[in-house]
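Architecture and fold: a report
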Amino acid sequence: MPTSTPSNRHLQAAQQLLRRAYRLAGRKAGLFYRPGPNDVYLVSYPRSGNSWLRTAVAEMMFGESGDEYTEIHRYVPTVDMPIPFWRVKAAPFHAVKSHENYLSSGRTRGYRRVIYIVRDPRDVVTSHYRFEHQLGNHPEDFDSFLNEWTCGRVWPGSWATHVASWTLDRDPQARDDILVLSYEDMHARTLESFRRVA
């Protein structure tokens, strides 16, 4: 009888279920870092420069960002990836990474100070495709991915909706607490952009 091997998508679904169970158990036990009222959120659509900015922010805040990129969560935690609170570097406030749409969940209402990074969508979709394709999440060709991406069927949904949710649709009272940076400006005028963040 031939044995079947689970597909990459099945393995990812199982891993996702395990991560959810781990997060739920950890949250109930109070084991994970929870963002505080003074924290600053680094928000963007995926593949828009968030990782670059969070490394720079960690260097500005702590003078280091870890020996390997996998350690960045100790300096700039991610809302979607729980980390035990004792592993997060102590500081009066933290920068916290997020890819959530504004008001996609109740927790974004607590995002009082936000740095939103926006990047040319043509570059975003190309980078997103390469990243997802390397992970085996979207084995189809670029044109098929582009169609799914444009229709908002690729996590975390439509690029246009994401950007508008943070830059146009946000509560007007909260607008003073958002700094919008463009990836292209960060690339062309790096020091000036990072000074705005500091």
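As shown above, the structure is provided for reference.
We now turn to the structure provided with this report. (Residues numbered from 1 in each chain as written. Predicted model: local features only at pLDDT ≥ 70, side-chain atom pairs only at ≥ 80, totals over all residues. Heavy atoms only, no water.)

Ranked by size, the top nonpolar core spans 23 residues in total, and within it Val-114, Tyr-116, Trp-149 and Trp-166 carry the most contacts. Those elements that place two or more of their residues in this core are strand S1 (40–44), strand S3 (113–118), helix H3 (121–135), helix H4 (142–150) and helix H5 (159–167). Once you skip the residues sitting within four places of it in the chain, Trp-149 turns out to touch Tyr-45, Pro-121, Val-124, Val-125, His-128, Val-154 and Trp-159. Formed by 17 residues, the second largest nonpolar core is a distinct cluster that contains Val-57, Ala-58, Tyr-75 and Leu-181. (Core = buried A, V, L, I, M, F, W, Y, C linked by side-chain atoms within 4.5 Å. Buried < 20%, exposed > 50% of the residue type's maximum accessible area, 1.4 Å probe, protein only. Helix = DSSP H or I, 4+ residues; strand = E, 2+ residues; numbered from the N terminus. Contact = heavy atoms within 4.5 Å.)

For the rest of this paragraph, the subject is helix H2 (residues 50–62). Compared with an ideal rise of 1.5 Å per residue, which puts 13 residues at 18 Å, H2 spans 18 Å between its outermost C-alpha atoms and is within 8% of the ideal. Along H2, the positions that sit buried rather than exposed are Asn-50, Leu-53, Arg-54, Ala-56, Val-57 and Ala-58. Of the surrounding elements, those touching the buried residues of H2 are S1, strand S2 (95–98), S3, strand S4 (178–182), helix H6 (183–188) and helix H7 (190–197). Among the residues trailing H2, Gly-63 stands out with phi positive, at a value near 75 degrees. (Expected span 1.5 Å × (residues − 1).)

Here S2 shows no split at all, with Ala-95 and Lys-97 on one side and Val-96 and Ser-98 on the other all buried. Sheet topology note: the S1/S2 ladder contains four bridges and is parallel. Within S2, the position partnered with Leu-42 by the bridge is Lys-97. Crossover connection from S1 via H2 to parallel S2: handedness right-handed. (Pairing = 2+ DSSP bridges. Right-handed = clockwise from strand over helix to strand, strands pointing away.)

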